[in-house]
Amino acid sequence: MLAFLFWFINVKGHKNWTTFFVIVGMNPTFIYLFSETIGKDWLGGLVMVFTDGIGSMTGLSETSIGVINAFIVLRIFWYLCYILYKKRIFIKI
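Let us look at the structure shown here. Every chain's residues receive numbers from 1 upward, in the order its sequence appears when written. Where local features are concerned, this predicted model is filtered to residues with pLDDT of at least 70; where side-chain atom pairs are given and counted, the filter is 80 or more; whole-chain, interface and lining totals use all residues. Side-chain numbers here rest on the full set of heavy atoms in the structure, without hydrogens or water.

**Comments concerning the overall build of the protein**
Next, step 1: Working definition: helices are DSSP H or I runs of at least four residues, strands are E runs of at least two. Numbering for both runs from the N terminus. Within the protein, the regular secondary structure consists of four helices and zero strands.
Next, step 2: Listing the helices and strands of the protein from first to last along the sequence gives α-α-α-α.
Next, step 3: Over its C-alpha atoms, taken along the principal directions, the protein stretches across nearly 50 × 30 × 20 Å.
Next, step 4: Expressed as a percentage of its 93 residues, the buried residues of the protein come to 22%.
Next, step 5: In this analysis, two residues are considered to be in contact whenever any of their non-hydrogen atoms come within 4.5 Å of each other. Sequence separation of at least 24 residues holds for 64% of the intrachain contacts in the protein that already meet a minimum separation of 6.
Next, step 6: Per-residue and other accessible areas follow the Shrake-Rupley method at a 1.4 Å probe size, with only the shown protein chains counted as cover for residues. Carbon and sulfur atoms form 70% of the exposed surface of the protein, whose accessible area is close to 7,100 Å².
Next, step 7: Neither His nor the chain ends is counted toward charge; the positive residues are Lys and Arg and the negative residues Asp and Glu. Note on charges: their place is set at NZ of Lys, CZ of Arg, CG of Asp or CD of Glu. Taking the average place of the 8 positive charges on the side chains of the protein and the average place of its 4 negative ones, the gap between the two points comes to 28 Å. Three labels apply to residues, based on accessible area from a 1.4 Å probe with only protein chains included: buried if under 20% of the type maximum, exposed if over 50%, partly exposed otherwise in between.

Here's what the structure looks like:
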């Protein structure tokens, strides 16, 4: 799979769909440290208030609400990396 993706992206030049992964890949240290320190608990709890309220009204199971919550938190983490990417702030060790 790695060889195929290398060939498809680098050799053939199909790079249009890789922007999502490039943005996260430019600040992996930031997204890891932020999610492990304050992001997962604080942001996850904040989003859970809304997803739990809306999900319980629609009759979704607790597992479905948890999955939706995880995707929303992941999207917020990606957006934080996008802001850093646009401002050309790259955290390196």
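**Topic: the packing of aromatic side chains**
Next, step 1: Only Phe, Tyr and Trp rings take part, Trp by its six-membered ring, and two of them pair if their centres are within 6.5 Å. Stacked means planes under 30 degrees apart, edge-to-face means over 60, and tilted covers everything else. Overall, the coordinates contain ten aromatic pairs when judged by the stated rule.
Next, step 2: Ring plane angle 15 degrees and centroid distance 5.6 Å describe the contact between F30 and F34, whose orientation is recorded as stacked. Taken together, the residues F30 and F34, both in helix α3 (residues 28-58) and four residues apart, mark about one turn of the helix.
Next, step 3: Relative to Y82, the ring of W78 has its centre 5.4 Å away and its plane inclined at 15 degrees; by these criteria the two rings are stacked. In this pair, W78 and Y82 are both assigned in helix α4 (residues 62-86), four residues apart and thus about one turn of the helix distant.
Next, step 4: Grouped by ring-pair contacts, the aromatic residues F20, F21, W78, Y79 and Y82 constitute a single cluster.

**A short note on α4**
Structural remark: α-helix, 3.6 residues per turn; residues separated by three or four positions point the same way.
Next, step 1: Expected helix span is given by 1.5 Å per residue-to-residue step, counting one fewer step than there are residues. Taking 1.5 Å per residue, 25 residues should reach 36 Å; α4 reaches 36 Å between its end C-alpha atoms and fits that length.
Next, step 2: Three or more residues of α4 are buried, namely I65, N69, V73, F77, W78, C81 and L84.
Next, step 3: Here the buried face of α4 lies against α2 (19-26) and α3.
Next, step 4: Phi turns positive one or two residues past the end of α4, at R88, with a value near 55 degrees.

**Topic: the environment of F34**
Next, step 1: For F34, a relative accessible area of 15% translates into the label buried.
Next, step 2: The spacing of F34 and F77 is 43 residues in sequence and 8.6 Å in space, taken between C-alpha atoms.
Next, step 3: Apart from residues no more than four positions distant in its own chain, F34 is found in contact with G39, K40, F77 and L80.

Treat this as a map of the structure, not an account of what it does.
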